Number of protein chains: 2
Amino acid sequence: MSAADPSVKLSAPRKTKGALPAARPDQIMDIAARQFRARGYAAVSLRDIATEAGMRTPSLYYHFPSKDDLVIAVMNRGIAVVREAVTEALAALPPDAEPFAKLETAMRVHLRALHGLSDYTSANVRIFGQLPEELRRANLPERRAYQEIWADLLSATCPDNLEMLAIRVPFVIGALNATLEWFDPDRGDLDVLADQVGRVLLAGLKEREDR
Amino acid sequence: MSAADPSVKLSAPRKTKGALPAARPDQIMDIAARQFRARGYAAVSLRDIATEAGMRTPSLYYHFPSKDDLVIAVMNRGIAVVREAVTEALAALPPDAEPFAKLETAMRVHLRALHGLSDYTSANVRIFGQLPEELRRANLPERRAYQEIWADLLSATCPDNLEMLAIRVPFVIGALNATLEWFDPDRGDLDVLADQVGRVLLAGLKEREDR
DNA sequence: GTCTATAAGTTGATAGAC
DNA sequence: GTCTATCAACTTATAGAC
């Protein structure tokens, strides 16, 4: 559980060439993310990861000081990836976009991150609940930062009602994340999913008591 | 992975006394469900379960032929418990209850099963995604039977649209299940949760294109 | 950077006494 | 029904050669 940050290069910096050969730590993290996503945290051993990376278990320790450090790196990148994607998409909207248009965009991007863009985000969602307290805690700062984006977006749906907002933020994120457990992008259309899910949630969030 | 069914008593049948001393297999399953729910599937060893039951690991094998069998028994009971609770609650409604009133009742009962009634149901939801394919498959019949209840309830919200129904069923169940990851019944009011979540989902499901 | 060798601990499971 | 003794397999991790 050291503070080692694998994104800080230990040796030579990456060539300015392009993204052709992924840096070794990145390659290892890619493999780890995919396996964690598919089989859960405890079920994936360092041996499994090393084998797919074409190396022996102890070689991993050259790149990551422990399994915990590797997991934490994967988990944090998982949130960072969605957060950046959502932030960029929101920034690309016209400045006068309506609150519900922003919300719909955020939902679409979040679903795409979950089902297509990144094994890191889906791995994060899948295994967060399986981690020992200590590792979960290490991911909380990233998670809180991401939730703040949604708190901003959702505050328009329940102005001046913090209690309602405190429920709506995790509820909406949770409902989107849950699609990971039943939707298969190889067998269904992601856009159809986003349309359907977006419709129910947006309509539900738009509803006012007075009507 | 034998077909042994622990509910079939191996020795003397339970005394007609009452539910005072839980049958040993039930006690073991109670402990297993609570631990699986809290720490995940792979992280809970038979030793952990045996210790809490006040026995040694090999003694468990008198009651369950393997860890897989124990897990399957817990998983199946987890769905059976909610299904019975929801079925009973629906049967208690007046026969002419409106579709959305039925839906609201089902949501309330499902949330209560998840957060209060049963460690089995919450354990099921938490660890299903962590199980190896084989064990997941063993739980599918129960799951499908439960989903049928929801398909019935939700078909009223999108008549003659099976594609929409096929998305709404897992979406609604998934959104409710996801509350397990963020709502703590010790720190929040379960009725408030049901009110808020029910309001958003019901309003969203009620929404028609024409409006 | 990657390897072999190895340590130290855990796991699910079986045999057989009581 | 529960125990002790034991097993083979696996885990994370370290030491040190190349």
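Residues numbered from 1 in each chain as written. Chains lettered and ligands numbered in written order. Predicted model: local features only at pLDDT ≥ 70, side-chain atom pairs only at ≥ 80, totals over all residues. Heavy atoms only, no water.

Under an unreviewed UniProt entry, the name given to chain A is Transcriptional regulator, TetR family, and the organism recorded is Roseovarius litoreus.

Asks: It is not clear to me how the UniProt feature "DNA-binding region" (unreviewed entry) in chain A should be interpreted in this structure. Could you clarify?
Replies: Annotation from UniProt places "DNA-binding region" (unreviewed entry) at residues 45–64 of chain A. Segment residues 45–64 of chain A splits into 75% helix and 0% strand. End C-alpha atoms: 14 Å apart. (UniProt positions renumbered as here; feature names shortened; annotations may be inferred. Helix = DSSP H or I, 4+ residues; strand = E, 2+ residues; numbered from the N terminus.)

Asks: Looking at this structure, how should I read the environment of G198 of chain A?
Replies: Residues and elements named next belong to chain A. The topology assignment puts G198 in helix α9 (residues 190–206). Under the relative-accessibility criterion, G198 is labelled buried at 5%. Distance from G198 to L103, taken between C-alpha atoms, is 9.0 Å for residues 95 residues apart in sequence. Filtering out sequence-adjacent residues up to four positions away, G198 remains in contact with M107, L193 and A203. (Buried < 20%, exposed > 50% of the residue type's maximum accessible area, 1.4 Å probe, protein only. Contact = heavy atoms within 4.5 Å.)

Asks: It is not clear to me how the packing of helix α8 (residues 162–178) of chain A against helix α8 (residues 162–178) of chain B should be interpreted in this structure. Could you clarify?
Replies: Any two packed helices are characterised by how steeply their axes cross, that is the angle between the axes, and by the distance between the axes. The contact between α8 of chain A and α8 of chain B brings their axes to 8 Å, and the two run at 125°. Classified by the angle their axes make, α8 of chain A and α8 of chain B are oblique. As α8 of chain A packs across α8 of chain B, the resulting crossing turns out to be right-handed. From α8 of chain A, F171, G174, A175 and A178 of chain A reach across to α8 of chain B, where they touch F171, G174, A175 and A178 of chain B. The class makeup of the residues in the contact of α8 of chain A with α8 of chain B is six nonpolar, two polar and no charged. (Axes fitted to C-alpha atoms, helices over the stretch in contact; angles between N-to-C directions. Parallel < 35°, antiparallel > 145°, perpendicular 65-115°, else oblique. Left-handed = near helix turned anticlockwise from the far one by under 90°. Nonpolar A, V, L, I, M, F, W, Y, C, P; charged D, E, K, R; others polar.)

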